[in-house]
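Understanding the architecture of this molecule
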Amino acid sequence: MFVHLHLHTPFSFLDAVSTINELVQRAADFEMPGLAMTDHNNLSGAVQFHKACCQAGVKPIIGAEVTTESGHHLTLLAKSRVGYANLCQLLSEAHLSNERSHPQATDQMLREYAEDIIALSGCWHSEVFSLACERRYAQAEKAMAKYRDIFGPDDFYVELQEKLYPRQHATDKALAEIAEKLRVPVVATGNVHYADESQYKVQDVLTCVRTLTTVDEPHPERKINAEFYFKSPRQMAELFCWAPEAVANTLRIAEQCQEYELSDDRYLPRFDTNGCKPTQLLRRLTYEGAHQRYKRLNAKISRRLEHELDIIEQLGFADYFLEVWDVAREARRRGIRYAGRGSAADSAVAYCLYITDVDAVARNLSFERFINPERGDNLPDIDIDFDARYRDDIADYVTRKYGEDKVATVCTFQTYHARGAIRDLAKALGFPLEEIHRLAKLMPHINADGIEQAFDHFPELRDSRLPLYKYRQLFELCSQAAGLPRHIGTHLGGVIISGQPLNTISPIQEAAKGCRIIQFDKVDVEDLRLLKLDLLCLRMLSAVQDTVTTTPQQLDFNTIPLDDKDTYKLLNSAETAGAFQLESPAQRNLQSRLQADNIEDIVASVALIRPGPIKGNMVEPFLARRHGREPLAYVDPRLEEILKDTYGVVLFQEQVIEIAVRIAGFTGGEADQLRRALTHHRDKDKMQAIGKGFIRKAMQRGCTQQVAQTIFSYIEGYAGYGFCEAHAAAFGDTGYKTTYLLTHYPAYFYAALLSNQPMGYFPPHTLINEAKRRGIRVLGPDVNHSQVSFTVEDGAIRVGLKQVKEMPETLLGQIVRGQPYSNLYEFMRQAKTPANVARNLALCGAFDCFDNNRRRVLWQLGAFRPGQQAQLDLDQVCELQDIEDFTDQEKCCHEWGVLGLSPTWHPLQFVRPKLVREGVLTAQQIKQQRPAGAVKVAGLLIRPHRPPTRSGRTVVFFTLEDETGLIDVTVFQNVYEQYGKEIFSSSVLLVEGHLDHRGTASIIADRIEKLS
Ligand SMILES: [Zn+2]
Ligand SMILES: [Zn+2]
């Protein structure tokens, strides 16, 4: 028998290519009693590996291949939980005390964390092996003795690998001899990098990706044969027939390693309550908040709060609530705008603690959707959005409060999809960069293992005339790399707060953006039972903040009236580009048909335009009942109260829970289980079993069988398509209120949106165009009048200087502080502007205030000495009276190049006369005239996309922007088949089609043409 003790999972990043499940399955197939994982300098695979091994009945041994001070490799295995903690601390120190992504463990560190660790001398790149390979046997012996002394005579082994490399067998033999002399045991390892021999090629190509070489270039990291696969015990015994004890020792080591759990309830942090019980403090704060929120508490509210507090206490989550309360309080104290999102808004306690702004009692939201007492092992998950600019300040506050050793960010793993795989692998295979770029750009967002099939499926690929035969091998390799993690990254929001030093739970490393991350992602973190707080950036909150602080009137966003007629009018007109969650073509189309007149309609809208409800066909019945075209009858009067806000349609997850509780007498927890079952398992037998239970219970409570069956068919039909109402309520509220800003303070709101890019659905030029369409003047950048960001000037929007391409951050403040400048020379002298920036300023008209002939300004700039910094050279200034300025079209082009938008012109304006001759209508004409029959429209192409559809057929949606507004276009499959290539490779399109009778200014395409 044999146990693999040196094995790489995909978390060795670009060095190993078999999934953890594949590898563990091999071990189980060979009936190995245990299996070790040893990735390079990380434990990122540990949680998954532990889980997979336990499921397969294989003992997991967690270890790592660490890099030492001298750059050599050393294999370490944890014998116990203590050894695991030591490994975590060792790796943390190796990472944090060295340059990022070059971790190194010193001998000192190895000594410090040697307890309960078994060390194997390592691979071809180890200190011991490389010395012996160079026949420096005395030094090899010295190194061996050093490691034996560090780890102890029982816990250090000389590793023999037999990779059939030149000189390896001789070196292994020499090593075995020295080991015997020093009484150090030997051990045979496989140094596994893939499960199957056939994966050799993809491992090699990924090594090239990692080492930034191509397959034509040699590199010491590249393996020279395919011997690094998962060999069987028999193969290993044969390879090591000359050293049977090396094989036997693998079992001895596996036996010495204990099994232990990685998760622990003691990881949860305690909140410092100054001696009082956390539950008492939580109760007090909740009731204080309740009195502020509700003014007067009635029995219903008190009952609800007690119910929630009971469950929170029972599950031991009081500390968690206090921790989140504290974060929200700190944000309020600093005046940082925030909003709780997600299912946390199902909690009245969270509402009273000012964590969320949705009144769960008034909305009758079921708390069990958020915390289900019957699934107490799941930690609650609270997400809070912050004004993007200050989110990191809040994260810093948390770090200071709980200590640097107890707070870190969750990591993410970037995995290979089609585009990324093509970019990396094609480069390693030596394809020219331009070709790679073209190929990758054309690729839709698909998995890396579906590229070849995609050529049949997607017209834009099929009609691309790409020579498929040339790429066969590339696509085959991509498909083998599909889903492999490429590198470790930083999660945008997830902050871990631990009750114990984090470096005993996970290795800690520094991320590219400077913060500390653990080596586990958000799924692993849940399994570990680490507490995660999602502190997210939401740029819309920054835009809201900017709007309310710049409008001349005092404006309180929280108390914006929810029944404002003009706001609903704007929503009904579907001209809501810029509004939060209510601006996409699908959403605007819904709004024009829904004709919303109350906030509940908006909350439902947010939930309706989602893949689930669209696939589940909820939109049409909802609209039909909303407008009375379908009768609203309830088979049971108790349903009315639950479903009246959504016109009898089961749209929300909370409604399913309510129905199960009220009709069938489920407990809240049981009802949530039912919801989850419907969401996750859609197999028929299970559904039937659930249905029987529901119907039986409903009948016991007085329903007739028929009624019970009908009600179950409602929630069955819903099967997982529904949406969390609490989340929809939170987003719907912000959506409505931002529409209110768009209605009443459009200039301020557009300026705020433009200042906080990138965000939202539309690019800046569309927002500018929309502002102009609504009669708001847009003023170009101006070195004397522009501020850093977009501002409002006498009711007009002034483009900010940071919109100018290549503008250095530091220069912005300097320019603004020096205003006003009396002429170009003064500006150049004072603001010390680099030549490229000065040129951009001239091209976008920022110097028009000095001289509105832009070409002449460029000539004048030429008189400044070239180089990094423009300097005045008066001798060379000549008179440039007769230079002719650029044409408007040229100016527009320059402005797009420099600003990404044009304050003055729209590119379509210049071709409009030609378009008029060809009978092309404008967006405005379409909207006003609503012509019957065929129409032609043209515009800039915005966001072509293919959302999932109910029928499974492809439908492409995009928006065209012309100088008068927006036209939404729908392309059905047959037309897409013909014109897919045009849609996905052009920027300006001409579309022939007919008006969609549903919704405003929406065209169904019949023919599409590139407009050049
Ligand atoms: Zn190695
Ligand atoms: Zn290795």
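Everything below is about the structure shown above.
Criteria and cut-off values
- Residues numbered from 1 in each chain as written.
- Chains lettered and ligands numbered in written order.
- Predicted model: local features only at pLDDT ≥ 70, side-chain atom pairs only at ≥ 80, totals over all residues.
- Heavy atoms only, no water.
- Buried < 20%, exposed > 50% of the residue type's maximum accessible area, 1.4 Å probe, protein only.
- Helix = DSSP H or I, 4+ residues; strand = E, 2+ residues; numbered from the N terminus.
- Pairing = 2+ DSSP bridges.
- Right-handed = clockwise from strand over helix to strand, strands pointing away.
- Axes fitted to C-alpha atoms, helices over the stretch in contact; angles between N-to-C directions.
- Contact = heavy atoms within 4.5 Å.
- Salt bridge = Lys/Arg side-chain N within 4 Å of Asp/Glu carboxyl O.
- 1 Å grid on protein atoms, 1.4 Å probe; cavity = no way out; pocket = protein on both sides within 12 Å on 5 of 7 lines; lining within 4 Å.
- Points joined across faces, edges and corners; volume = space filled by probe spheres on them.
- Nonpolar A, V, L, I, M, F, W, Y, C, P; charged D, E, K, R; others polar.
- Parallel < 35°, antiparallel > 145°, perpendicular 65-115°, else oblique.
- Left-handed = near helix turned anticlockwise from the far one by under 90°.
- Phe/Tyr/Trp six-rings, centres within 6.5 Å; stacked < 30°, edge-to-face > 60°.
- Lys NZ or Arg CZ within 6 Å of the ring centre and 35° of its normal.
- Donors = N, O, S within 2.8 Å, 3.2 Å for Na, K, Ca; no water.

Of all 7 residues in strand β1 (residues 34-40), 6 are buried, a share of seventy percent or more. Two strands pair when backbone bridges link them, and β1 and strand β2 (residues 59-67) are joined in this way by 7 bridges, in the parallel orientation. Bridged to glycine 34 within β2 is lysine 59. In terms of handedness, the path from β1 via helix α2 (residues 46-56) over to β2 forms a crossover that is right-handed.

Bringing the sheet that holds strand β6 (residues 186-188) into the picture now. The strand order β1-β2-β3-β4-β5-β6 describes an open sheet built from 6 strands, whose pairing is mixed. Edge strands, defined here as strands with exactly one partner in the open sheet, are β1 and β6. Pairs of neighbouring strands in the sheet enclose a mean axial angle of 30 degrees, with direction left out of account. As judged from the 5 bridges shared by β2 and strand β3 (residues 73-78), these two strands associate in the antiparallel manner. Within β3, the residue paired with valine 66 across the bridge is leucine 74. The strands touched by α2 within the sheet are β1 and β2, with β2 carrying the most contacts at an inclination of about 150 degrees.

Below, the discussion takes up the pattern of salt bridges. Using the criterion set out here, one finds 61 salt bridges in the structure. Note that arginine 333 is salt-bridged to glutamate 330, the shortest N-O span being 2.8 Å. Separated by 3 residues within a single helix, arginine 333 and glutamate 330 lie in helix α13 (residues 318-333), roughly one turn from each other. On the accessibility criterion, arginine 333 (62% relative accessible area) is exposed. Given a relative accessible area of 7%, glutamate 330 falls into the buried group. Counted as one network, the salt bridges with shared partners bring together Glu575, Glu770, Arg773 and Lys927.

Where empty space is left can be seen by rolling a probe of water-molecule size over the atoms. By volume, the largest pocket amounts to about 1400 Å³. Around the largest pocket sit 47 residues that line it, and Ala586, Ile609, Ile614, Pro947 and Phe957 are the ones nearest its centre. Only α24 (585-594), α26 (611-615), α27 (619-626), β18 (934-945), β20 (965-971) and β22 (1002-1010) provide two or more residues apiece to the lining of the largest pocket. Looking at which element gives the most residues to the lining of the largest pocket, the answer is α24, with 6 residues. Residue composition of the lining of the largest pocket, by class: 23 nonpolar, 14 polar and 10 charged. Of the pockets and cavities examined, the second largest pocket occupies roughly 1200 Å³. Lining the second largest pocket are 34 residues, with Phe13, Ser101, His102, Pro103 and Arg210 sitting closest to its centre.

What follows covers the packing of helix α16 (residues 418-428) against helix α17 (residues 433-442). Viewed as axis vectors pointing N to C, α16 and α17 meet at an angle of 165 degrees, and their least axial separation amounts to 9 Å. Here α16 lies roughly antiparallel to α17, going by the angle between them. Here α16 runs over α17; the crossing is right-handed. The segment α16 lies against α17, with Arg419, Ile422, Arg423, Ala426 and Lys427 engaging Leu433, Ile436, His437, Leu439, Ala440 and Lys441. Split into classes, the residues belonging to the contact of α16 with α17 amount to 6 nonpolar, 1 polar and 4 charged.

So, about the packing of aromatic side chains. Summed over the entire model, instances satisfying the criterion amount to 29 aromatic pairs. Residues phenylalanine 367 and phenylalanine 370 carry aromatic rings whose centres are separated by 6.1 Å and whose planes lie at 75 degrees to one another, so their mutual orientation is edge-to-face. What makes phenylalanine 367 buried here is its relative accessible area of 1%. When its relative accessible area of 10% is taken as the criterion, phenylalanine 370 is described as buried. Look at tyrosine 976 and phenylalanine 984: their rings are 6.5 Å apart centre to centre, the planes differ by 80 degrees, and that puts the pair in the edge-to-face class. A cation sits over an aromatic face here: lysine 163 above phenylalanine 228, 4.7 Å from the ring centre. Just above the ring of phenylalanine 228 sits the side chain of lysine 223; from NZ or CZ to the centre is 5.0 Å.

At a minimum axis separation of 9 Å, helix α23 (residues 565-573) and helix α33 (residues 725-744) run at an interaxial angle of 95 degrees. The pairing of α23 with α33 is recorded here as roughly perpendicular in orientation. Across the interface between the two elements, Asp566, Thr567, Tyr568, Leu570 and Leu571 of α23 pack against Tyr736, Thr739, Tyr740, Leu742, Thr743 and His744 of α33. A breakdown of the residues in the contact of α23 with α33 according to their chemical character gives 6 nonpolar, 4 polar and 1 charged.

To continue, consider the coordination of the zinc ion (ligand 1). Any two of four tetrahedral donors ideally make an angle of 109.5 degrees at the metal, while pairs among six octahedral donors ideally make 90 or 180 degrees. Summarising the metal site, the zinc ion (ligand 1) is bound by the protein donors Glu65 (OE), His73 (ND1) and Cys123 (SG), whose distances to it range over 1.8 to 2.3 Å. Spacing between the donor residues of the zinc ion (ligand 1) along their common chain follows E-x7-H-x49-C. In this structure the zinc ion (ligand 2) is found 3.4 Å away from the zinc ion (ligand 1), and glutamate 65 serves as a bridging donor for the pair. Of this pair, glutamate 65 sits in strand β2 while cysteine 123 sits in the loop between β4 (117-120) and α5 (127-133); the two residues are 58 residues apart in sequence, bridging distant segments of the chain. Residues glutamate 65 and cysteine 123 agree in their burial class; the two are buried.

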